[in-house]
Amino acid sequence: MMRLKPAEIAERVAQDIPDGAYVNLGIGMPTMVANYVSDDRQVIYQSENGILGVGPAPAPGEEDPDLINAGKQFVTLLPGGAYFDNAESFAMMRGGHLDLAVLGAFQVSEKGDLANWATNNDTYPPAVGGAMDLAVGAKQVFVIMSHTTKSGEPKILESCNYPLTGAAVVKRIYTDLAVLDVTDDGLRVRQLHGDNTFDEVQALTGATLLPAQN
């Protein structure tokens, strides 16, 4: 089966971010999405540590140690950008002022439940950060993730086994195998990558999929 690389999944997500959107990109794979939004669209990025108007990574040698995103990566500030404290930042996130949050996930259910902060494994301590605030506060939540675990277990399930970040919050799931929409009828295939077939992707999914609509 064809599996997209993380950067390729990020590029696919970027195609669906509308012009003029206010967007928060979660830590990890979601941060790559900003690299692929086309130049003809203006997207305003918010970082939960208190930045609006986050720019691209600085050139080597031009890093400002006081200017980092929530994932502790060096960033720049675009003209018109602003800094603010955590209270202001979380008010934006919780108050419905962000059009979109792109988050990673350990598991997603067929109803759009999101689990991305704890795995019930003491080796990996829980780390919720601002994910719960984004999950319930953003107008839309897109998830970017691998379709299965490294051992091949499905990460898209009828119901999540891990503690939830938010219930019924995910609108669309982007994986290395396919793009899925969370609908009232269930998980509907929006796109299959490469030559992947519906049956192949279904076999690696722990919930019933609905075929794409023409």
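Heads up: the structure comes first, above all this text.
Residues numbered from 1 in each chain as written. Predicted model: local features only at pLDDT ≥ 70, side-chain atom pairs only at ≥ 80, totals over all residues. Heavy atoms only, no water.

Participant: Go over the packing of aromatic side chains, please, and point to the residues and values.
Facilitator: Tallied over the full model, the rule gives 2 aromatic pairs. For the pair F142 and Y174, a centre-to-centre distance of 5.4 Å together with 55 degrees between the ring planes defines the contact as tilted. Here Y174 lies in strand β10 (residues 172–174) and F142 lies in strand β8 (residues 141–144), a separation of 32 residues in the sequence. Just as F142 is buried, Y174 falls in that class too. (Phe/Tyr/Trp six-rings, centres within 6.5 Å; stacked < 30°, edge-to-face > 60°. Helix = DSSP H or I, 4+ residues; strand = E, 2+ residues; numbered from the N terminus. Buried < 20%, exposed > 50% of the residue type's maximum accessible area, 1.4 Å probe, protein only.)

Participant: Give a description of the pairing of strand β11 (residues 178–183) that names residues and reports values.
Facilitator: Within β11, 5 of the 6 residues are buried, leaving the element largely enclosed by the surrounding structure. Between the antiparallel neighbours β10 and β11 lie 3 residues. For β11 and strand β12 (residues 186–192), the ladder comprises 6 bridges, and the chain directions are antiparallel. Its bridge partner lying in β12, A178 is registered against L192. Counted along the chain from β11 to the antiparallel partner β12, the turn is 2 residues long. (Pairing = 2+ DSSP bridges.)

Participant: So what's going on with the sheet that holds β11? Which residues, and what values?
Facilitator: The 10 strands lie next to each other as β4-β3-β2-β1-β5-β8-β10-β11-β12-β13, forming an open sheet whose pairing is mixed. This sheet does not close on itself; its edge strands, each paired only once, are β4 (76–83) and β13 (209–210). Judged from the 2 bridges that link them, β12 and β13 form a sheet pairing that is parallel. For L187, the partnering residue across the bridge sits in β13 and is L209. Across the face of the sheet, helix α1 (residues 6–14) comes into contact with β5 (100–103), β8, β10, β11 and β12 while running at roughly 160 degrees to β8. (Contact = heavy atoms within 4.5 Å. Axes fitted to C-alpha atoms, helices over the stretch in contact; angles between N-to-C directions.)

Participant: Please give an account of α1 that cites residues and values.
Facilitator: Among all positions in α1, only I9, A10, R12, V13 and A14 are buried. For α1, the elements touching its buried residues are β5, β8, β10, β11 and β12.

Participant: Summarise helix α2 (residues 86–94); cite the residues concerned and give the values.
Facilitator: Three or more residues of α2 are buried, namely S89, F90, M92 and M93. Angularly, the buried residues of α2 cover 150 degrees about the axis, an arc narrow enough to put them on a single face. Exposed residues pointing more than 90 degrees away from the buried face of α2 are listed as A87 and R94. On its buried face, α2 sits against β2 (44–47) and α3 (131–137). Between the side-chain oxygen of the N-cap and the backbone nitrogen of A87 there are 3.2 Å, and the N-cap of α2 in question is D85. Two residues or fewer past α2, G96 is found with a positive phi of approximately 80 degrees. (Arc of directions from axis to C-beta. Polar contact = N/O pair within 3.5 Å; in protein donor to acceptor, adjacent residues only side chain to side chain.)

Participant: Could you give an account of the nonpolar core, naming the residues involved and the relevant values?
Facilitator: If you look at the biggest cluster of nonpolar residues, it comprises 27 residues, and the most contacted ones within it are V108, L114, V143, V170 and I173. Taken together, the elements giving at least two residues each to this core come down to α2, β5, α3, β8, β11 and β12. In terms of residue count, β11 provides more of this core than any other element does, 3 residues in total. Among residues more than four places away in sequence, those in contact with V170 are V108, G112, L114, V141, V143 and V182. Ranked by size, the runner-up nonpolar core spans 23 residues in total, among them A10, V75, V102 and V179. (Core = buried A, V, L, I, M, F, W, Y, C linked by side-chain atoms within 4.5 Å.)

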